[in-house]
Amino acid sequence: SDARLRKNLEMRAKIVAAIRAFFDARGYLEVETPIVVAKPGMEPHLEPFQTEVADPFGNRYGAFLITSPEYAMKKLLVAGFPKIYQLAKCFRNGEAFGGRHNPEFTMLEWYQAGTDYRGIMDETEALVKDVAQKVFGTTEISWRGEKIDLGKTWERLTVCQAMKKYAGINLDAALTDKKLLVEAAAKLGHALPA
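The structure displayed is predicted, hence computed values, not measured ones.

Asker: Can you walk me through the packing of aromatic side chains in this structure?
Answerer: For any two aromatic rings, the description comes down to two numbers: the centre-to-centre distance and the angle of the planes. Inspection of every chain in the model, using the stated rule, returns four aromatic pairs. Measuring from ring centre to ring centre gives 5.1 Å for Phe22 and Phe23, while their planes differ by 90°; the resulting arrangement is edge-to-face. Relative to Tyr28, the ring of Phe23 has its centre 4.9 Å away and its plane inclined at 75°; by these criteria the two rings are edge-to-face. Pair check on accessibility: Phe23 and Tyr28 agree, each one buried. Cluster of aromatic residues (ring-pair linked, three or more members): Phe22, Phe23, Tyr28, Tyr85 and Trp110.

Asker: Please clarify how the sheet that holds strand 2 (residues 36-37) should be interpreted in this entry.
Answerer: The strands that make up a sheet are held in pairs by hydrogen bonds between backbone atoms, and each pair lies either parallel or antiparallel. Strand order in the open sheet made by the three strands is 2-4-3, with antiparallel pairing throughout. Edge strands, defined here as strands with exactly one partner in the open sheet, are strand 2 and strand 3 (50-54). Of the pairings in the sheet, the one linking strand 3 to strand 4 (residues 60-65) comprises five bridges and is antiparallel in character. Paired with Ala54 across the bridge in strand 4 is Arg60.

Asker: Would you take a moment to explain the pairing of strand 8 (residues 146-149) for this structure?
Answerer: Along a regular strand, successive side chains alternate from one face of the sheet to the other. Across four bridges, the pairing between strand 7 (residues 140-143) and strand 8 is antiparallel. Within strand 8, the position partnered with Ser142 by the bridge is Lys147. Linking two consecutive strands that pair antiparallel, namely strand 7 and strand 8, is a turn of two residues; a positive phi of about 55° is found at Arg144 within it.

Reading the values: the criteria
Residues numbered from 1 in each chain as written. Predicted model: local features only at pLDDT ≥ 70, side-chain atom pairs only at ≥ 80, totals over all residues. Heavy atoms only, no water. Phe/Tyr/Trp six-rings, centres within 6.5 Å; stacked < 30°, edge-to-face > 60°. Buried < 20%, exposed > 50% of the residue type's maximum accessible area, 1.4 Å probe, protein only. Pairing = 2+ DSSP bridges. Helix = DSSP H or I, 4+ residues; strand = E, 2+ residues; numbered from the N terminus.

Below, the structure written as structure tokens:
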């Protein structure tokens, strides 16, 4: 309905404004990098959309839509821009439609020189808490009928620890014996292709 669409668009606008305010307050520079590039990223599990660029003389050149702004942003980082962020349109071909998945989507990507993964984890936690507070007026949200307080200190686990604790899967064993992952998915009602 129009009312639902309006509500969603207004909520999205508030979230985007809150994200920008968060990074701007921390001295980040918002950047905009190319969406059409001559060479796609070398991500083995991502398939870029292919296109063509034509010049006024009738020449045509192969090109791609970005799967993320990572490469262009890392060039800016190396060029001396120590704190940058971008809300970029990204495109990924060969993936399923439906639900929360779409081949065209908006990605938030940010980089900060001189920090490590723990600093980025701290900043991610602060970002989510700040955006929730600005958009909802609280850090407590409801997801699928469950109340979640984003304001609490977040649990930090490795992927292996999280898989063991929350899915009961020994990831190291599952990476060598993929049937363990297929069986675990089946218990949750998911059928995976061979």
